[in-house]
Amino acid sequence: MKKLFAILAVMGVFSLGMTQTVMAQDAAPAEVTTEAVVEEGSMHKELKTKFIEGDASFMSLVAIALVLGLAFCIERIIYLSLAEVDAKKLMAKLEAALEKGDVEGAKTICRNTRGPVASICYQGLMRVDEGLDVVERSVVSYGGVQAGYLEKGCSWITLFIAMAPSLGFLGTVIGMVMAFDKIQQAGDISPTVVAGGMKVALITTIFGLVVALILQVFYNYILSKIEAITSQMEDSSITLLDMIMKYNLKYKK
């Protein structure tokens, strides 16, 4: 009987402890969520405060560099996304059409397909009757034109990547000069004057570096997409030349 009471007592203590643990776990997410909201709000407020504390002229220039750089990045990403096609599927359709001797049908497939790969194939098919050398020169020349279209606007992105930290450093140097001017006017090296001036000066550098890092990530992503599309163009050009050679051997004996 005493053993039974002892077991029941131990079970009661264990269940009470488990209940308290579960209640603590249930209460924890609410506290974490509240802390996260407060932290997010304080971070946003802190960024606004630091932006206002920096020199308005240079901070505005850094912000403009960020906005314009992101605009060019988004435009390039949209353009490159639309330029991507399933090159293998396209070349399979062209091969099927050329095996039947239907050059016009192959041209129609290229006209109805977006992207530089289809455009290069169309240029090659337009000169299929002029010889393989002419087709090759046409494909290479038009491939260079399409590569230029892919890289259009990237120079502006690199410009803003270089400008953002440069503007930040310029703001830092001017801020330090202003801090020394205040020291000269005060006639004494006051820690408050020096610290305040240096803080305002360094804020512009921080924001400039952050903007450059953001734009650099987008720029590298754009370069990777350009490289992928360029590889598709080169592979498709070689495949097209092989198809045209087989077509000439089969239908132009």
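As the structure is a computational prediction, the values presented were derived from the model and not from experiment.

A.B. asks: Just checking my understanding: could you explain the overall build of the protein chain for this structure?
C.D. replies: Of the regular secondary structure elements, the protein chain holds 8 helices and 0 strands. Along its sequence from the N terminus, the protein chain presents helices and strands in the succession α-α-α-α-α-α-α-α. Within the span of the protein chain, comprising 253 residues, buried residues form 30% of the whole. Of all intrachain contacts in the protein chain linking residues separated by at least 6 positions in sequence, the fraction that spans at least 24 positions is 80%. Counting only carbon and sulfur atoms, one obtains 67% of the accessible surface of the protein chain, whose full area is about 16000 Å².

A.B. asks: I tried to follow the pattern of salt bridges on my own but got confused; where do I start?
C.D. replies: Any two side chains of opposite charge can pair, so long as their charged atoms come close to each other. Applying the stated criterion across every chain, the model contains 3 salt bridges. We note a salt bridge from Arg76 to Glu75, for which the minimum N-O separation is 3.0 Å. Take Arg76: its relative accessible area is 3%, and that puts it in the buried class. When its relative accessible area of 36% is taken as the criterion, Glu75 is described as partly exposed. The shortest N-O distance in the salt bridge between Lys225 and Glu84 comes to 3.3 Å. Remark: Glu84 occurs in the loop between helix H2 (56-83) and helix H3 (87-99) and Lys225 occurs in helix H8 (residues 191-251); sequence separation between them is 141 residues. By relative accessible area, Lys225 is classed as buried at 9%. Classification of Glu84 by relative accessible area gives partly exposed; the value is 32%.

A.B. asks: Can you help me understand the confidence of the model for the protein chain in this one?
C.D. replies: Detailed reading of the predicted model is not advised wherever pLDDT is low. Mean pLDDT over the protein chain stands at 77; residues scoring 70 or higher make up 71%. In the model, residues 1-40 has pLDDT below 50 throughout and makes 0 contacts with residues more than four positions away in sequence or in other chains.

Calculation criteria
- Residues numbered from 1 in each chain as written.
- Predicted model: local features only at pLDDT ≥ 70, side-chain atom pairs only at ≥ 80, totals over all residues.
- Heavy atoms only, no water.
- Helix = DSSP H or I, 4+ residues; strand = E, 2+ residues; numbered from the N terminus.
- Buried < 20%, exposed > 50% of the residue type's maximum accessible area, 1.4 Å probe, protein only.
- Contact = heavy atoms within 4.5 Å.
- Areas by Shrake-Rupley, 256 points an atom, 1.4 Å probe, with all protein chains shown as cover.
- Salt bridge = Lys/Arg side-chain N within 4 Å of Asp/Glu carboxyl O.
- pLDDT = per-residue confidence, 0-100.

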